[in-house]
Amino acid sequence: MTKWRTLVLATMAFNLSFLIWFSFAPFTGPIADEFGLSLTDLGILASAAIWSAPPGRILTGWLSDRYGASSVFAIVLAYVGVFSMASAFATSYEVFFVERLVVASAGITFVVGIQHVAQWFPEEQLGTAEGIYAGIGNAGAAGGALVLPRVFGEWSGPLFDTGWRAAFFYTGIVSLVMAVVYYSIGQDAVTETKAEATSDSATLSSWVHVATRYGVVALALGYVMSFGLEISMNGWLPTYFREGFGSNLVIASTFAATFSLAAGLLRPIGGYMSDWVVRTETNILPVFTGRYREQWTVLCMCFIVTAMAGLTLAGQTGSVLLTVVVGFLVGTACAFTEGAIFAQVPAMFPERSGAAAGVVGGIGTFGGIGFPLVYSYAAETGMIHSGYIVVAAIMVPIVLLNAYVARPKIAERAHIDGFFGGSDAGYGTSDD
């Protein structure tokens, strides 16, 4: 039963982390009014929320292997809570910006939970377990978009006369409480022997080896176009629906939440399907015969590109309902791809799941930095709906790279062969 308790604990903590990470998004209008921000400024703010994620995820993935997920998760939740509370009292935009940069490091907790869950579940359940963890956890962004503006939108309570300040303060308190809970009841691995073996293997040379394998590099770029896309949309969509369709704060956040719900709650399906195609040895793309997880992953990536192009077309019709529906499909494509990728990652490196998850998860967040700048530039030039098809075009080479690495003769050694350094079969195992 402890493995299920671990899954629930990690999922709850990551859900809260994701809510805090994007808690600014529902309040971009009031924040812009108070600090005098332009659409470009808001695009930069959405991008800045991701800046700490690449190095932070890479570092915390390794730290989770080395020192255990329970301590690392608790430490991050604690300092994020403190800075979230502090940002509620900021009187200048410069101070606010810096404090929210620190709060945005809540996003690095993803790889901590991935490592924690991988330490408890067997390979045949990894895709499903990681999908549940990441899917429900990612839905915290939708929870924030749905709940925060309704609870704090018309805030007139103690301490604060603006809702966004109250939201940041009280979510910070909840983060501190969760830090204590995680540290108190979290257990690092299914056995002490497994935890010690993982810690002992967490060396710099092993991290370099993992980070440079062909499979990790391809999946990291695939995560740019899936999770990187998701977090860019979480930060941008409330602004898009407000500026593109004239929606008010609550309505715009609600429209945006449909994307976040799909991107979060449907992710377990992506992980489950990855497990299923391996278990049943189903070839859904025969050109990659025998590489079952890879086939599913590439198919999901193609879904993202198609759906993003469709989002531009839907927006240009002027129909908000059609745009919301297509946005939901984009979220679904992100969810399936993310679940597929993080079914492969811990299966590829079972003894170094933190290091591998850190690299893939960290590099993947770069999409959340770059894509909002494309959206905001398109908006500033009067083409607010066109940014999505530009991003879709950027994704095509990534799909082609993953298709290349998924070819059977390459895929069977993608966890062994890399861009430099010798092959070492001890650093990973085949996923099927």
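The structure displayed is predicted, hence computed values, not measured ones.

A. Highlighting the overall build of the chain. Scanning the chain for helices and strands turns up 22 helices and zero strands. Relative to the 2.2 N^0.38 estimate, which gives 22 Å for 432 residues, the radius of gyration of the chain is 21 Å and therefore close to what a compact globule would have. Each of the three principal axes of the chain carries a C-alpha extent, and together these read 60 × 50 × 35 Å. Per-residue burial over the chain gives 60% buried out of 432 residues. Intrachain contacts of the chain at a sequence separation of at least 6 include 82% that bridge at least 24 residues. In the structure as shown, the chain presents an accessible area of about 15300 Å², 69% of it carried by carbon and sulfur atoms.

B. Focus on the pattern of salt bridges. Across all of its chains, the model carries six salt bridges by this definition. The residue E34 makes a salt bridge to R165 at a minimum N-O spacing of 2.6 Å. Taken together, the positions of E34 in helix α2 (residues 28-35) and R165 in helix α10 (residues 163-185) put the pair 131 residues apart, joining distant regions of the chain. According to the relative accessible area criterion, R165 is buried, its value standing at 11%. A salt bridge links R413 to D417; the shortest N-O distance between them is 2.9 Å.

C. Summary view of the confidence of the model for the chain. On average, residues of the chain score 87 in pLDDT, and 97% of them are at 70 or above. Averaged pLDDT values over the elements of the chain bottom out at 77 in helix α3 (residues 39-48) and peak at 96 in helix α5 (residues 69-87). A low-confidence stretch, residues 425-432 stays under pLDDT 50, and its non-local contacts, those more than four residues away or across chains, total 28 contacts.

D. A look at the nonpolar core. W21, Y133, L229, M233 and M308 are the most contacted members of the largest nonpolar core, which totals 117 residues. If you tally residues by element for this core, the top one is helix α1 (residues 2-21), at 10 residues. Setting aside anything within four residues of it in sequence, one finds M308 in contact with L229, M233, V330, Y375, Y388, I389, V391, A392 and M395. V278, W296, F336 and A340 belong to the second largest nonpolar core, which has seven residues in total.

E. Spotlight on helix α16 (residues 267-280). Spanning 14 residues, α16 covers 20 Å between terminal C-alpha atoms, matching the ideal 20 Å at 1.5 Å per step. R267, P268, G270, G271, S274, D275, V277 and V278 are the residues of α16 that are buried. Phi turns positive one or two residues past the end of α16, at E281, with a value near 50°.

F. Here's a closer look at the packing of α1 against α10. Their axes nearest at 11 Å, the elements α1 and α10 cross at an angle of 160°. Classified by the interaxial angle, the pair formed by α1 and α10 is roughly antiparallel. Considering the relative orientation of α1 and α10, their crossing is left-handed. Contacts between α1 and α10 involve R5, L9, A10, M12, A13, L16, L19 and I20 on the former and, on the latter, T171, V174, S175, M178, V181, Y182 and I185.

G. Spatial organisation of the packing of helix α14 (residues 227-245) against helix α20 (residues 366-380). Here α14 crosses α20 at 45°, and the two axes come no closer than 7 Å. With respect to α20, the axis of α14 lies oblique. Between α14 and α20 lies a crossing of right-handed hand. On the side of α14, the interface is formed by G228, L229, I231, S232, M233 and W236, while α20 contributes G367, G368, F371, P372, Y375, S376 and A379.

H. How the structure looks around a nonpolar patch on the surface. Together, I173, V177, V181 and I185 make up a nonpolar patch on the protein surface, roughly 280 Å² of accessible area in all. In this fold, I185 is placed in helix α10. Of the residues examined, I185 reaches a relative accessible area of 37% and is grouped as partly exposed.

I. Structural view of the environment of E99. Tracing the backbone through its elements, the reader meets E99 in helix α6 (residues 93-103). Using a relative accessible area of 14% as the deciding quantity, one classes E99 as buried. Sequence separation of E99 and H415 is 316 residues, and the distance between their C-alpha atoms is 39 Å. Look past the residues within four positions of E99 in its chain and what remains in contact with it is F83, A86, S87 and A90.

J. Focus on the environment of P408. If you trace the backbone, P408 turns up in helix α22 (residues 408-411). The exposure class assigned to P408 is partly exposed, which follows from its relative accessible area of 28%. Sequence-wise, P408 and T28 are 380 residues apart; in three dimensions their C-alpha atoms are separated by 47 Å. In contact with P408, other than residues within four places in its own chain, are V287, F288, T289 and R291.

K. View of the side chain of S274. Along the chain, S274 turns up in helix α16. You can call S274 buried: its relative accessible area is 0%. Beyond its immediate stretch of four places on either side in the chain, S274 contacts R293, W296, A340 and A343.

Thresholds applied
Residues numbered from 1 in each chain as written. Predicted model: local features only at pLDDT ≥ 70, side-chain atom pairs only at ≥ 80, totals over all residues. Heavy atoms only, no water. Helix = DSSP H or I, 4+ residues; strand = E, 2+ residues; numbered from the N terminus. Rg over C-alpha atoms; globule rule 2.2 N^0.38 Å. Buried < 20%, exposed > 50% of the residue type's maximum accessible area, 1.4 Å probe, protein only. Contact = heavy atoms within 4.5 Å. Areas by Shrake-Rupley, 256 points an atom, 1.4 Å probe, with all protein chains shown as cover. Salt bridge = Lys/Arg side-chain N within 4 Å of Asp/Glu carboxyl O. pLDDT = per-residue confidence, 0-100. Core = buried A, V, L, I, M, F, W, Y, C linked by side-chain atoms within 4.5 Å. Expected span 1.5 Å × (residues − 1). Axes fitted to C-alpha atoms, helices over the stretch in contact; angles between N-to-C directions. Parallel < 35°, antiparallel > 145°, perpendicular 65-115°, else oblique. Left-handed = near helix turned anticlockwise from the far one by under 90°. Patch = residues over 30% accessible without salt bridge, like charges linked within 9 Å, V, L, I, M, F, W, Y side chains within 5 Å.

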